[in-house]
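An overview of the molecular structure
This is what each chain is made of:
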Amino acid sequence: MTDLGGVVTVAGHVGRRPTWDCVRCGDPWPCLALRRIPRERLDLAVLIPAVSAVLGSAIRDLRGRPEGPEPPEIVQRFLWFMPLTDEEARAIAVRMR
């Protein structure tokens with residue numbers, strides 16, 4: 001089992017660099033298995049720093065790929081549990097590059 005932000009998730013649902021796809025289901029990570037966890041079960045005090053630690057790497061790995069996501073889209077994808085505006089996601093992406 002993997003602990004992500006205080007929530008025990010299904011084993012193996014972790015992102016793999018440089019594609020940032022889930023090693024278990026192959027979907028873009030964080031995959032639906034993680035995004036289905038109810039927000040009230042997430043420990044944001046642990047989850048935010050954990051996701052922030054990999055966000056910069058994800059932006060560097062994913063930006064500029066043909067038909068790939070732009071940095072603000074990557075931020076919104078990885079911080080799925082936070083209601084971010086496009087402007088907020090863009091500001092975070094600039095800081096994380």
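Everything below is about the structure printed above this text.
Residues numbered from 1 in each chain as written. Predicted model: local features only at pLDDT ≥ 70, side-chain atom pairs only at ≥ 80, totals over all residues. Heavy atoms only, no water.

Here we look at the overall build of the protein chain
In terms of helices and strands, the protein chain carries four helices and four strands. N-terminal to C-terminal, the α/β element order of the protein chain is β-β-β-β-α-α-α-α. Looking at the protein chain as a whole, 35% of its 97 residues qualify as buried. Long-range contacts, defined as pairs at least 24 residues apart, comprise 49% of the intrachain contacts of the protein chain with a sequence gap of at least 6. Carbon and sulfur atoms make up 52% of the accessible area of the protein chain, which amounts to about 5,800 Å² in all. (Helix = DSSP H or I, 4+ residues; strand = E, 2+ residues; numbered from the N terminus. Buried < 20%, exposed > 50% of the residue type's maximum accessible area, 1.4 Å probe, protein only. Contact = heavy atoms within 4.5 Å. Areas by Shrake-Rupley, 256 points an atom, 1.4 Å probe, with all protein chains shown as cover.)

Digging into the side chain of His 13
As for its placement among the helices and strands, His 13 is situated in the loop between β2 (7-9) and β3 (15-16). Judged by its relative accessible area of 9%, His 13 is buried. Setting aside residues no more than four positions away along its own chain, His 13 makes contact with Cys 22, Arg 24, Cys 25, Trp 29, Cys 31, Ala 33 and Leu 34.

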